[in-house]
Amino acid sequence: MFDHAMLEELHPQALRIANALRDRGEKIAVADGATGGLIAASLLTVPGALDFFVGGGVVYSFRARDVLFDLPREAYKGMRGASEDYALLQARAIRENFHAEWGIAESGSVGGSTHPSGAPAGRSCAAVVGPDGFEFVRVTETGSDDRIANMQDFTRAALQALEDALSD
């Protein structure tokens, strides 16, 4: 179950993001990773989200990755989860596969268990890609093993990266 208070906290920012996308006549696709769907849920608090949100998914397994991104396994060669290049690849792929102008992807290690690639708990990379070759990655390091707090912090950082990208 999503944290009601957190969604209420993020709703004003989601509104600003929605308005920026609507003003541009552009849409976004979302690939949540360690954020567990909180990026998408935050954006979907905005009424009429179909105007700017096309879809996405939670990428939490190789199967989900293969279905949502439709990339050959070789595309990930040499990449590790919770890294800038991995998040950028995912943001590009979700954008292309969902035919959106913008894509956002988060890849991180929330803690509480060992990350498959060995990424340290509390590390997140949020990548935003947009029109005209725009690409940006924000790395967040909390230094914490608190799974829920990290999920929330990673979501905040990803949404801020998106808002910053849209205001440039």
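Here, the structure is the one placed above.
Here goes a summary of the coordinates provided. Numbering of residues begins from 1 in every chain and follows the order in which that chain's sequence is written. Only residues with pLDDT of at least 70 are given local features in this predicted model, and only at 80 or more are side-chain atom pairs given and counted; all residues enter the totals for whole chains, interfaces and linings. As a rule here, side-chain values come from all non-hydrogen atoms in the structure, and water together with hydrogens is ignored.

**As for the side chain of Asp-66**
With respect to the helices, strands and loops of the structure, Asp-66 is situated in helix 3 (residues 62-69). Definition of a polar contact: a pair of N or O atoms within 3.5 Å, with one able to donate and the other able to accept a hydrogen when the atoms are protein atoms, and with sequence-neighbouring residues admitted only if both atoms are side-chain atoms. A polar contact is formed between the side chain of Asp-66 and the side chain of Arg-73, at a distance of 2.5 Å. Once residues lying within four places of it in the same chain are set aside, the contact partners of Asp-66 are Leu-71 and Arg-73. A run of DSSP states H or I qualifies as a helix once it reaches four residues; a run of E qualifies as a strand once it reaches two. Both are numbered from the N-terminal end. The criterion used for residue contact is that any of the two residues' heavy atoms lie within 4.5 Å.

**Brief notes about the packing of helix 3 against helix 4 (residues 84-97)**
Between helix 3 and helix 4, the least distance of the axes is 9 Å, while the angle of their chain directions is 45°. Taken together, helix 3 and helix 4 sit at an angle that is classed as oblique. Contact residues: helix 3 offers Arg-65, Leu-68 and Phe-69, while helix 4 offers Tyr-86, Gln-90, Ala-93, Ile-94 and Asn-97. Residues that form the contact of helix 3 with helix 4 fall into these classes: five nonpolar, two polar and one charged. Each axis is a line fitted through C-alpha atoms, taken for helices only over the stretch in contact, and angles between the N-to-C directions span 0 to 180 degrees. Each angle is binned into one of four classes, with values under 35 degrees roughly parallel, values over 145 roughly antiparallel, values of 65 to 115 roughly perpendicular, and all other values oblique. Side-chain classes are defined by residue name, with Ala, Val, Leu, Ile, Met, Phe, Trp, Tyr, Cys and Pro counting as nonpolar, Asp, Glu, Lys and Arg as charged, and the others, Gly among them, as polar.

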